[in-house]
Amino acid sequence: DDLCAFTEGAEINNINLEGCAPSELPPEPVPTGGKTFVEEGGLLVVEMESTNYTDGWKLETGRGETGTGYLNMLGKQAAWVPANITEVIKVKIEIQTAGMYQFEWRSLITKPGVPATEHNDSYLKIIADKFYGVKGSNIVCPLVLEDGNSCIPSGRALAGEKVGGYFKIWRTGSPIDAWKWSTWTSDADGHAIMAEFDTAGVYEVHIANRSDYHAIDRFVLYRTGNVSNNVARETALDISTPESLSK
């Protein structure tokens with residue numbers, strides 16, 4: 001049986017257990033403009049409440065968040081139901097310092113009493129020259145490569161759900177209601193999230209609904225693994241660092 005929506009008439013879906021084919025994803029919303037956040041000195045910091053978020057993401061306060069609030073996913077769950085990926089936040093970013101960057105977000109789970117492995121994830125896509133997950137020498141790629149994404153997988157395959165150009169990004173650890181920088185892809189084989197920008201310019205970060213009750217406070221992109229001008233992880237994750245300038 002076809003486990004995915006949006007299958008074209010005569011398409012044979014032979015990857016239901018691996019993820020859904022591109023034709024089975026709902027069309028992405030048209031960008032609505034908004035701010036462009038500017039990287040400076042190899043660091044980009046974005047508060048989620050500063051983005052053009054959709055109705056399923058609810059602005060909340062009172063949990064020790066940075067900025068003026070955080071976004072809690074209270075819309076439809078989209079796990080294994082790609083037709084429900086409708087709450088897509090598109091964030092424009094301007095990279096001034098080309099190179100390799102790591103992506104991390106600060107998140108928690110707002111549903112009381114659930115295991116740390118439930119309601120702990122959202123989807124992520126970075127429109128970059130290379131978007132991938134890495135663990136040691138192992139590299140995993142999204143199921144579908146966006147135009148220009150030069151990711152080439154190496155070693156073990158991406159484990160778990162695979163949907164279009166997104167990674168399922170999960171957090172681990174307890175307590176579930178405490179903010180944590182924990183940002184991984186590939187089930188039970190956590191890979192860090194990387195993006196490479198070959199030239200200075202404007203790119204995009206897309207964050208979409210997967211599990212409800214997954215809340216995100218802020219995200220960062222910071223230069224790492226380059227010959228020079230890298231940013232230390234502890235500097236990038238310092239919550240006293242203000243949000244990047246926008247225009």
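Structure report, in brief. Predicted, not measured: the structure shown is a model, and the values here were computed from it. (Residues numbered from 1 in each chain as written. Predicted model: local features only at pLDDT ≥ 70, side-chain atom pairs only at ≥ 80, totals over all residues. Heavy atoms only, no water.)

## Concerning the overall build of the protein
Along the protein, the regular secondary structure elements total one helix and 16 strands. Every one of the 247 residues in the protein was classed for burial, and the buried ones make up 53%. Contacts in the protein between residues far apart in sequence, at least 24 positions, make up 70% of those at least 6 positions apart. Accessible surface for the protein amounts to roughly 10,800 Å². Of this, 53% is attributable to carbon and sulfur atoms. (Helix = DSSP H or I, 4+ residues; strand = E, 2+ residues; numbered from the N terminus. Buried < 20%, exposed > 50% of the residue type's maximum accessible area, 1.4 Å probe, protein only. Contact = heavy atoms within 4.5 Å. Areas by Shrake-Rupley, 256 points an atom, 1.4 Å probe, with all protein chains shown as cover.)

## Examining the side chain of His206
Positionally, His206 belongs in strand E15 (residues 201-208). For His206, a relative accessible area of 3% gives the class buried. Separated by 2.6 Å, the side chains of His206 and Glu204 make a polar contact. (Polar contact = N/O pair within 3.5 Å; in protein donor to acceptor, adjacent residues only side chain to side chain.)

## Focus on empty space enclosed by the protein
Per the counting criterion, the structure on display carries one cavity of 30 Å³ or more. The dominant element in the lining of the largest cavity, judged by the number of residues it contributes, is strand E8 (residues 121-127), at three residues. Its residues assigned to classes, the lining of the largest cavity shows seven nonpolar, two polar and two charged. (1 Å grid on protein atoms, 1.4 Å probe; cavity = no way out; pocket = protein on both sides within 12 Å on 5 of 7 lines; lining within 4 Å. Points joined across faces, edges and corners; volume = space filled by probe spheres on them. Nonpolar A, V, L, I, M, F, W, Y, C, P; charged D, E, K, R; others polar.)

## Details of the sheet that holds E8
Strand order in the open sheet formed by five strands is E2-E6-E15-E8-E12, with mixed pairing between adjacent strands. Where the open sheet ends on each side, the last strands, each with one partner, are strand E2 (36-38) and strand E12 (167-170). If you compare each strand with its neighbour and ignore which way they point, the axes differ by 35 degrees on average. Both E8 and E12 contribute to a ladder of four bridges, which runs antiparallel. Across the sheet, Leu124 pairs through a bridge with Phe167, a residue of E12. (Pairing = 2+ DSSP bridges. Axes fitted to C-alpha atoms, helices over the stretch in contact; angles between N-to-C directions.)

## A few points about the state of the cysteines
Applying the stated criterion across every chain yields a total of one disulfide. The disulfide that involves Cys141 links it to Cys151, with 1.9 Å between the sulfurs. Taking the sign of the S-S torsion, -85 degrees for the link of Cys141 and Cys151, the bridge is left-handed. Placement of Cys141 in the loop between strand E10 (138-140) and strand E11 (162-163) and of Cys151 in the loop between E10 and E11 is noted, with a sequence separation of 10 residues between them. Assessed through its relative accessible area of 4%, Cys151 is described here as buried. (Disulfide = S-S within 2.5 Å.)

## Topic: the packing of aromatic side chains
Two aromatic rings, taken as a pair, are described by how far apart their centres are and by the angle between their planes. Enumeration over the complete set of coordinates arrives at seven aromatic pairs. For the ring pair Tyr70 and Trp179, a centre distance of 5.2 Å and an interplane angle of 75 degrees mean the geometry is edge-to-face. In this pair, Tyr70 is assigned in strand E5 (residues 70-73) and Trp179 in the loop between E12 and strand E13 (180-181), connecting sequence segments 109 residues apart. Residue Tyr70 shares its accessibility class with Trp179, and that shared class is buried. For the ring pair Phe131 and Phe167, a centre distance of 4.9 Å and an interplane angle of 55 degrees mean the geometry is tilted. Of this pair, Phe131 sits in strand E9 (residues 130-135) while Phe167 sits in strand E12, and the two are 36 residues apart along the sequence. The exposure classification of Phe131 matches that of Phe167, with both residues buried. (Phe/Tyr/Trp six-rings, centres within 6.5 Å; stacked < 30°, edge-to-face > 60°.)

## A word on the pairing of strand E3 (residues 43-47)
Of all five residues in E3, five are buried, a share of seventy percent or more. Taking every second residue as pointing to the same face, both faces of E3 are buried, with Leu43, Val45 and Glu47 on one and Leu44 and Val46 on the other. Sheet analysis places E3 next to strand E16 (residues 214-223), joined by five bridges and oriented antiparallel. Each residue of the ladder has a partner; that of Leu44, found in E16, is Leu221.

## Re the nonpolar core
By size, the foremost hydrophobic cluster in this structure holds 31 residues, and its most contacted members are Leu124, Ile126, Phe197, Val205 and Phe219. Per-element accounting of this core gives the leading share, four residues, to strand E6 (residues 88-95). Not counting residues up to four positions away in its chain, the partners in contact with Ile126 are Phe103, Phe131, Ala195, Phe197, Glu204, Val205 and Leu221. Residues Leu43, Val45, Trp181 and Tyr222 belong to the second largest nonpolar core, which totals eight residues. (Core = buried A, V, L, I, M, F, W, Y, C linked by side-chain atoms within 4.5 Å.)

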